[in-house]
Amino acid sequence: MTKKVAVILSGCGVYDGAEIHESVITLLRLDQRGAQVQCFAPNIAQMHVIDHLTGEQMPESRNVLVESARIARGEVKDIREAKVEDFDALIVPGGFGAAKNLSNFAVEGANCTVQPDVLALAEAFADACKPVGLICISPALAAKIYGPGVVCTIGTDAGTSAAVVKMGGTHEECDVHDIVEDTQRKLVTTPAYMLAKSISEAAGGIYKLVDRVLELTHEND
């Protein structure tokens, strides 16, 4: 049976949106495994726009949904259209957009909040006990979605893992090639570019994450 997976994008570009390599690797692996995918993004303004050549902030405004369409080749919908009953699993690639647009973690750290539409969809998957994959910095939002005790990884970064723990999460250090699974909550996480030094290193963990998320969708078949 073909599994349907929702993917939340957060713009386009590592410094102010979704990490492009992580997003494409995720979409590639889902396609290789025969999953049916629909990308979603919040229809909101980005926190800011970064020149990816210089790293400097640019004096302009961009829309997260519009920018996400670059990665999805136009096949992206407003996250408000997403319904948990239409999908078997959810995956969220990383990039600073997860910490700037899907949440304000980049500014507020452990005191962050998740964008309301993103939180509502993620909580719906959690409540339905459907598998979720969070990549790179996205697992920093796990405690806001699942509550205290959720097990996840962002790799080995001390500052970020401390914020995860402060929010009530249980952090496990993890190699770039591996995944961490909270079996009770069906949550799978991997560090990707929190640790990766190359696109192939990022791909190793992401492939494992996608494969495991899809395996979990078959548990009740």
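Residues numbered from 1 in each chain as written. Predicted model: local features only at pLDDT ≥ 70, side-chain atom pairs only at ≥ 80, totals over all residues. Heavy atoms only, no water.

### Notes on the pairing of strand β2 (residues 36–41)
Working note: regular strand, side chains alternate between the two faces of the sheet. Bridge count for strand β1 (residues 4–8) against β2 is five bridges, and the pairing is parallel. Across the sheet, residue Lys4 finds its bridge partner in β2, namely Gln36. For the segment spanning β1, helix α1 (residues 20–32) and β2, crossover handedness is right-handed. Sheet topology places β2 next to strand β5 (residues 76–78); three bridges connect them, and they run parallel. Bridged to Ala41 within β5 is Asp78. (Pairing = 2+ DSSP bridges. Helix = DSSP H or I, 4+ residues; strand = E, 2+ residues; numbered from the N terminus. Right-handed = clockwise from strand over helix to strand, strands pointing away.)

### Re the sheet that holds strand β10 (residues 180–182)
Strand order in the open sheet formed by seven strands is β5-β2-β1-β6-β7-β11-β10, with mixed pairing between adjacent strands. Strand pairing shows two members of the sheet lacking a second neighbour, β5 and β10, which therefore form its edges. Neighbouring strand axes in the sheet, compared pairwise and without regard to direction, differ in orientation by 25 degrees on average. Here strand β6 (residues 89–92) runs beside strand β7 (residues 132–135); their pairing, made up of three bridges, is parallel. Looking at β7, one finds that Ile91 is bridged to Gly133. Where helix α5 (residues 116–127) meets the sheet, its contacts fall on β1, β6 and β7, and the angle it forms with β6 comes to roughly 135 degrees. (Axes fitted to C-alpha atoms, helices over the stretch in contact; angles between N-to-C directions. Contact = heavy atoms within 4.5 Å.)

### Describing the state of the cysteines
Applying the stated criterion across every chain, the model contains zero disulfides. Of the cysteine sulfurs around Cys12, a residue in no disulfide, the closest is that of Cys39, at 12 Å. Here Cys112 stays unpaired: no disulfide links it, and the sulfur of Cys152, its closest cysteine neighbor, is 12 Å away. Here Cys112 falls in the buried class, since its relative accessible area comes to 2%. (Disulfide = S-S within 2.5 Å. Buried < 20%, exposed > 50% of the residue type's maximum accessible area, 1.4 Å probe, protein only.)

### Comments concerning the packing of α1 against helix α8 (residues 199–217)
Contact geometry for α1 and α8: axes closest at 9 Å, N-to-C directions at 45 degrees. Classified by the interaxial angle, the pair formed by α1 and α8 is oblique. The two elements α1 and α8 cross, and the hand of that crossing is right-handed. Listed contacts from α8 to His21, Glu22, Ile25, Thr26, Leu28, Arg29, Leu30 and Gln32 of α1 are Ile199, Ala202, Ala203, Ile206, Tyr207, Val210, Asp211 and Leu214. Its residues placed into classes, the contact of α1 with α8 shows ten nonpolar, three polar and three charged. (Parallel < 35°, antiparallel > 145°, perpendicular 65-115°, else oblique. Left-handed = near helix turned anticlockwise from the far one by under 90°. Nonpolar A, V, L, I, M, F, W, Y, C, P; charged D, E, K, R; others polar.)

### Some remarks on empty space enclosed by the protein
Under the criterion given, the structure shown has one cavity of 30 Å³ or more. Residue lining of the largest cavity: Ile8, Val92, Leu102, Val114, Val118, Ala122, Leu134, Leu141 and Ile145, and that is the complete set. Tallied by class, the residues present in the lining of the largest cavity amount to nine nonpolar, no polar and no charged. (1 Å grid on protein atoms, 1.4 Å probe; cavity = no way out; pocket = protein on both sides within 12 Å on 5 of 7 lines; lining within 4 Å. Points joined across faces, edges and corners; volume = space filled by probe spheres on them.)

### Points about the pattern of salt bridges
For the structure on display, the rule yields eleven salt bridges. For Asp178, the salt bridge goes to Lys208, with nearest N and O atoms at 4.0 Å. Taken together, the residues Asp178 in the loop between β9 (170–171) and β10 and Lys208 in helix α8 connect sequence positions 30 residues apart. For Asp182, the salt bridge is made with Arg185, and the minimal N-O distance between the two is 2.9 Å. Because the salt bridges share partners, they merge into one network encompassing Glu60, Arg62, Glu67 and Arg70. (Salt bridge = Lys/Arg side-chain N within 4 Å of Asp/Glu carboxyl O.)

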